Structure formats: C-alpha cells, structure tokens
Amino acid sequence: MNFVFLGPPGSGKGTQAARLSEELTIAHLSTGDLLRAAVNEKTELGGQAESFMSRGELVPDELIIGMIEEKLSQGGLDGGFILDGFPRTIPQARSLREMLDRHSTSLDLVILLQVSDATVIKRLTRRAEIEGRTDDTEAVILNRLEVYRQQTKPIEDFYRQESILTEIVGEDTPDRVYEAIRKVAIRTMNA
Ligand code: AMP
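In what follows, the accompanying structure is described. Please read all numbers here as calculations on a predicted model, not as lab measurements.

### A few points about the pattern of salt bridges
Per the stated rule, a full pass over the model turns up 15 salt bridges. The partner of D135 in a salt bridge is R144, with the nearest N and O atoms 3.9 Å apart. As a salt-bridge pair, R160 and E167 come within 2.9 Å of each other at their nearest N and O atoms. On the basis of relative accessible area, R160 is assigned to the partly exposed category, the value being 35%.

### Things to note about the site of the ligand
What surrounds the ligand is a group of 16 residues, the closest being T31, R36, E57, G85 and Q92. A distance of 3.0 Å separates an oxygen atom of the ligand from a polar atom in the side chain of R36. The separation between an oxygen atom of the ligand and a polar side-chain atom of R88 is 3.0 Å. Residue classes in the shell around the ligand are distributed as six nonpolar, four polar and six charged.

### Observations regarding the packing of helix 7 (residues 138–152) against helix 8 (residues 154–161)
It is the contact of helix 7 with helix 8, at a shortest axis distance of 5 Å, that shows an interaxial angle of 40 degrees. As summarised for this structure, helix 7 and helix 8 are arranged oblique, according to the angle between their axes. Of the residues in helix 8, those touching helix 7 at Y148, R149, Q150, Q151 and T152 are P154, I155 and E156. Classifying every residue of the contact of helix 7 with helix 8 gives three nonpolar, three polar and two charged.

### Some details on unusual backbone geometry
In this structure, the amide linkage connecting F86 to the following residue, P87, adopts the cis form with an omega of 0 degrees. If you trace the backbone, P87 turns up in the loop between strand 3 (81–84) and helix 5 (90–102). Even without being glycine, K42 reaches a positive phi, approximately 55 degrees. Topologically, K42 is positioned in the loop between helix 2 (31–40) and helix 3 (44–55).

### Remarks on the side chain of R144
You can see R144 is positioned in helix 7. Excluding residues within four positions of it along the chain, R144 makes contact with P9, G56, L124, R127, R133, D135 and D136.

### Concerning the environment of T119
When you line up the elements, T119 lands in helix 6 (residues 117–131). A residue is classified by how much of its surface remains accessible, and T119, at 9% relative accessible area, is buried. As for T119 and S11, which are separated by 108 residues in sequence, their C-alpha atoms are 8.2 Å apart.

### Details of the packing of helix 2 against helix 4 (residues 61–73)
Relative to each other, helix 2 and helix 4 sit at 100 degrees, their axes nearing to 11 Å. By the criterion of interaxial angle, the relationship of helix 2 to helix 4 is roughly perpendicular. Residues T31, L34 and L35 of helix 2 lie in contact with helix 4, whose contacting residues are I64, M67, I68 and K71.

Cut-off values and rules
- Residues numbered from 1 in each chain as written.
- Predicted model: local features only at pLDDT ≥ 70, side-chain atom pairs only at ≥ 80, totals over all residues.
- Heavy atoms only, no water.
- Salt bridge = Lys/Arg side-chain N within 4 Å of Asp/Glu carboxyl O.
- Buried < 20%, exposed > 50% of the residue type's maximum accessible area, 1.4 Å probe, protein only.
- Near = heavy atom within 4 Å.
- Polar contact = N/O pair within 3.5 Å; in protein donor to acceptor, adjacent residues only side chain to side chain.
- Nonpolar A, V, L, I, M, F, W, Y, C, P; charged D, E, K, R; others polar.
- Axes fitted to C-alpha atoms, helices over the stretch in contact; angles between N-to-C directions.
- Helix = DSSP H or I, 4+ residues; strand = E, 2+ residues; numbered from the N terminus.
- Parallel < 35°, antiparallel > 145°, perpendicular 65-115°, else oblique.
- Contact = heavy atoms within 4.5 Å.

This is the structure in structure tokens:
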C-alpha cells in the first residue's frame with residue numbers, strides 16, 4: 001500500500017504518518033526530516049536547501065524530486081510506503097506519478113488532514129518552544145501557511161480528481177485522529 005499524507009504545516013502529518021507506518025510496517029518517508037538531516041550533515045543537498053527552509057519557502061522541485069527518485073530506485077519502498085511532506089507542488093505530484101508508473105506501482109490513498117489556521121499557529125508556536133525548529137517562528141509560520149495555500153493546496157484537487165483523496169479533520173486529539181486514519185487505511189487495504 002502506498003499512502004500520501006497531505007495537509008498544512010502543523011496538521012499532524014508527521015506524527016500520524018509515523019504511527020501508521022509502524023502499525024503497517026511500511027516505510028515512512030518525510031522529505032522535511034530528510035532535508036533537516038542533510039542540513040545537519042552539511043551535504044551538498046543540505047547546503048542548497050537550507051536557505052529556502054529557514055525562510056519557510058519550498059526547496060526547488062528538482063532537488064526534492066531527485067531525492068525521492070533516489071529513494072525509489074534504491075528499492076527500499078517496494079514493500080509500500082507513506083510519503084509525508086511530498087508532493088507539495090503540482091510538478092512534484094506529476095513527477096511522482098511518472099516515477100511510480102515506471103516502477104509499475106501507484107498511490108492507493110491520499111489522506112488530507114484538515115486543520116484551521118488558528119490551530120496551526122497554536123501548535124507550531126508550541127513546537128517552537130519544545131523542539132526549537134528554526135522555521136517555527138511566527139513570521140516563518142505565516143509564510144509556510146501562505147506557501148501551502150498557494151503551492152500545495154492545488155494538489156488536493158489533483159488527487160480529488162483521481163478519487164484517491166480522503167479528508168480527515170485533524171483538530172481532535174492525536175489518538176482520535178489516528179483512529180479515523182486507521183479506519184480509512186484499513187478499508188482501502190481491504191477493498
Ligand atoms: P516539513 O517538515 O514537511 O514541514 O518541511 C520543512 C521544510 O522543508 C519546508 O518548509 C520546505 O522548506 C522543505 N520541504 C519539505 N518537503 C518539501 C517538498 N516536498 N518540496 C519542497 N520543499 C520541501
């Protein structure tokens with residue numbers, strides 16, 4: 001089974017994707033985590049990505065698509081995967097479809113976590129205090145929300161048209177949101 005988690009920053013994608021990947025024992029691929037690791041390890045990719053990330057802008061499509069292509073070609077995703085934070089633009093969504101086609105596979109389910117702007121700001125401000133992520137300051141949070149609206153939101157319709165998008169309200173407690181996710185994931189697996 002191949003899943004994508006979609007939703008604004010702070011919608012709970014990372015937490016929920018990690019939990020589902022553990023329960024289903026499939027790979028969890030977070031482009032944000034991969035990029036933060038690249039920045040910490042001072043790789044070439046990290047150096048190219050850093051300034052975009054600290055401003056809350058998207059890292060250029062070619063860099064991200066190359067990173068995912070590499071993961072797919074290493075074969076580590078053959079048993080199924082959850083993509084978290086990718087795709088984030090229409091060109092990324094199109095490239096993903098082509099890459100999966102080439103590997104004779106496709107997406108089974110896109111889970112869209114819906115949360116209000118007020119919740120996003122509250123959660124990310126709290127995360128800034130706990131984790132100290134440099135892109136969780138108020139100005140950068142507002143920019144990331146705007147970037148989501150302008151560049152990522154259009155892919156909701158892209159997947160709606162393919163009839164693989166399911167919307168889940170992400171305002172509730174993590175446990176309750178997970179139960180809702182689990183139900184649709186299992187329903188899709190049994191279909
Ligand atoms: P995240 O942890 O998913 O919120 O990602 C943190 C930051 O990494 C984002 O604000 C972007 O700068 C960058 N990033 C992560 N995934 C992508 C992607 N698919 N396309 C472009 N930039 C990304």
